[in-house]
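The chain contents come next:
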Amino acid sequence: MLLPIIGILVGIILGLTLPIHIPTAYSPYMSIAVLAALDSVFGGIRASLEQKFEADAFISGFFGNAFLAAGLAYIGDRLDVPIYLAAIFAFGTRLFQNFATIRRHLLNRWRERAR
Amino acid sequence: MKKSLSAQLSITFVSLILGLALAAQFKNVQRVGGSVSLQRTQELTRQVQKLEQENDALEARIKEYEERIKEFENAIQSEGQSNKLIYEELERTRMLAGLVDLQGPGVVVTVNVKYVNEWGEDAIVQNVRYDDLLKLVNELNAAGAEAIAINDERIIATTEIRNAGNYIVINTNRYSAPFEIKAIGNPDTLEAALKLLGGVADDLGVYLQINIKRVDNIRIPKYKGTFQYKFAKPVQDTNAKS
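Because the structure is predicted, anything quoted here is derived from the model rather than measured.

A. Structural view of the pairing of strand β3 (residues 121–124) of chain B. All names here are of chain B. Relative to β3, strand β2 (residues 115–118) is paired through 4 bridges, and the arrangement is antiparallel. Bridging from a neighbouring strand, Val-116 pairs with Ala-123 of β3. Counted along the chain from β2 to the antiparallel partner β3, the turn is 2 residues long, and its residue Trp-119 has a positive phi close to 50°.

Dropping the structure here:
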């Protein structure tokens, strides 16, 4: 459980120190990709807690979701349809659901250990 | 156990990328000031474009009308004597309405904020308020000014002088200090009217820098806006009682 947190921290530090600049025009697509990635990470943690984790499905899901979400947002922008709202809604809902499940798993584990 | 380790590793790898993306996005939002959403910018851009188009169209129409007025005037001038009188009357009316550039002797009044040294720092005593300008314009009119302009905004019958935030709006354009009031009229009378003991210049001089200068030849530009009468109509029956 510790490794992913370290990963995020290292990533944030790297991102803040390295001179990476995303053009402002792509900022909204990037934000949706970030949301998709966040969703994937929570999904992965949940799957690993449920002992159902598959690395290939996880990695492909991560990149697939991120690119699909950004792509859909881009197409939506061209067509003047706010498709990105769908992405935000779907990922947002799933994020909270995944978090709830993770919480329950951890609570159960803690209770068992306390017994 | 092996499976769990590979799971941990792949999640770690993905979180690393997520962290990178988060940080990059964070930096981006901070740099741009992300509180303005893309939608809002698009909406505002669209509004600006629309208004610019409208503006262009209106300017073209003003030009068209001005040309037509000139045509009429030329036609009238080239016709007989009675028409010449009408033309002269028209020119006089246009002068009254503030639709021609005028020049002549008068005064130039500059109004600026006064600074006072307060604990070693220069501070503004008071901002120029709309009523300061109104008082000056009022006094100049009372002294027989024939044409007045503030910062080259001709003062006409419908001119407003009012506060809007830190600005003063004159003929729908925003200005802030310093203000330059030009007035055509008898320079002696105008200057004396302003410099009366206990008069406007005295009053405003307490908290503003007022500078009155006589000038032999001032140019006052014409009113640059347009007139639109939506509600008012000329009375047709002059005998009817209101």
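We are not done yet, so read on.
B. Local environment of the interface of chain B and chain A. Chain B puts 26 residues into the contact, and the matching count from chain A is 37 residues. Across the chain B to chain A interface the summed buried area is about 2,900 Å²; carbon plus sulfur atoms make up 73%. Linking chain B to chain A there are 0 residue pairs in polar contact (both at pLDDT 80 or more). Elements supplying a minimum of two residues to the side of chain B that touches chain A: α1 (2–32) and α2 (38–78) of chain B.

C. The arrangement of the layout of surface pockets in detail. Residue and element names in this part refer to chain B. Approximately 1,200 Å³ is the volume attributed to the largest pocket. Around the largest pocket sit 30 residues that line it, and Ile-62, Glu-66, Ile-69, Gly-225 and Thr-226 are the ones nearest its centre. With 15 residues, the top contributor of residues to the lining of the largest pocket is α2. Its residues placed into classes, the lining of the largest pocket shows 14 nonpolar, 4 polar and 12 charged.

D. Examining the sheet that holds strand β7 (residues 167–170) of chain B more closely. Residues and elements named next belong to chain B. With antiparallel pairing, the 3 strands of this open sheet are ordered in space as β6-β7-β8. Whereas interior strands pair on both sides, the edge strands pair on one side only; in this sheet they are β6 (161–164) and β8 (173–175). Mean inter-strand twist for the sheet, computed between neighbouring axes without regard to direction, equals 35°. In the packing of helix α4 (residues 130–142) onto the sheet, contacts are made with β6 and β7, and the angle to β6 comes to roughly 170°.

E. View of the side chain of Thr-159 of chain B. Residue and element names in this part refer to chain B. Mapped onto the elements, Thr-159 comes out in the loop between β5 (153–154) and β6. In this structure Thr-159 comes out as buried when scored by relative accessible area, which is 16%. A polar contact is formed between the side chain of Thr-159 and the side chain of Asn-171, at a distance of 2.9 Å. Excluding residues within four positions of it along the chain, Thr-159 makes contact with Arg-154, Ile-170 and Asn-171.

F. Seen up close, the side chain of Asp-39 of chain A. Residues and elements named next belong to chain A. Tracing the chain through its elements places Asp-39 in helix α2 (residues 27–49). A polar side-chain atom of Asp-39 sits 2.5 Å from a polar atom in the side chain of Arg-94. Excluding anything up to four places from it in sequence, Asp-39 contacts Asn-65, Phe-91, Arg-94, Leu-95 and Asn-98.

G. Structural context of the domain arrangement of chain B. Per the domain assignment, the segments making up chain B are domain 1 (38–95) and domain 2 (101–220). Each of domain 1 of chain B and domain 2 of chain B was reduced to a C-alpha centroid, and the two centroids are 29 Å apart.

H. Highlighting the environment of Phe-53 of chain A. Here Phe-53 of chain A shows up in the loop between α2 and α3 (55–79). Once the C-alpha coordinates of Phe-53 of chain A and Asn-65 of chain A are considered, the two residues, 12 residues apart in sequence, prove to be 17 Å apart.

I. Structural context of the packing of α2 of chain B against helix α3 (residues 81–97) of chain B. Residues and elements named next belong to chain B. Look at α2 against α3: their axes get within 8 Å of each other, and the N-to-C directions meet at 145°. Of α3, the residues touching α2 (which contributes Ile-69, Glu-73, Ile-76 and Gln-77) are Asn-83, Tyr-87, Leu-90 and Arg-94. The class makeup of the residues in the contact of α2 with α3 is 4 nonpolar, 2 polar and 2 charged.

J. Highlighting the pattern of salt bridges. Residues and elements named next belong to chain B. In total, this model carries 10 salt bridges over all chains according to the counting rule given. Here Arg-94 and Glu-91 are joined by a salt bridge, their closest N and O atoms 3.8 Å apart. Of this pair, Arg-94 and Glu-91 both sit in helix α3, separated by 3 residues, roughly a single helical turn. Overall, the relative accessible area of 21% leaves Arg-94 in the partly exposed class. The salt bridge involving Asp-188 is made with Arg-214; its shortest N-O contact spans 2.5 Å. In this pair, Asp-188 sits in helix α5 (residues 187–195) while Arg-214 sits in strand β10 (residues 208–220), placing the two residues 26 residues apart along the sequence. Judged by relative accessible area, Arg-214 falls into the partly exposed class, the value being 48%. One salt-bridge network, in which partners are shared between bridges, spans Asp-188, Glu-191, Lys-195 and Arg-214.

Definitions and limits used
- Residues numbered from 1 in each chain as written.
- Chains lettered and ligands numbered in written order.
- Predicted model: local features only at pLDDT ≥ 70, side-chain atom pairs only at ≥ 80, totals over all residues.
- Heavy atoms only, no water.
- Pairing = 2+ DSSP bridges.
- Helix = DSSP H or I, 4+ residues; strand = E, 2+ residues; numbered from the N terminus.
- Contact = heavy atoms within 4.5 Å.
- Buried area = accessible area lost by both parts, 1.4 Å probe.
- Polar contact = N/O pair within 3.5 Å; in protein donor to acceptor, adjacent residues only side chain to side chain.
- 1 Å grid on protein atoms, 1.4 Å probe; cavity = no way out; pocket = protein on both sides within 12 Å on 5 of 7 lines; lining within 4 Å.
- Points joined across faces, edges and corners; volume = space filled by probe spheres on them.
- Nonpolar A, V, L, I, M, F, W, Y, C, P; charged D, E, K, R; others polar.
- Axes fitted to C-alpha atoms, helices over the stretch in contact; angles between N-to-C directions.
- Buried < 20%, exposed > 50% of the residue type's maximum accessible area, 1.4 Å probe, protein only.
- Domains from an automatic or database assignment.
- Salt bridge = Lys/Arg side-chain N within 4 Å of Asp/Glu carboxyl O.

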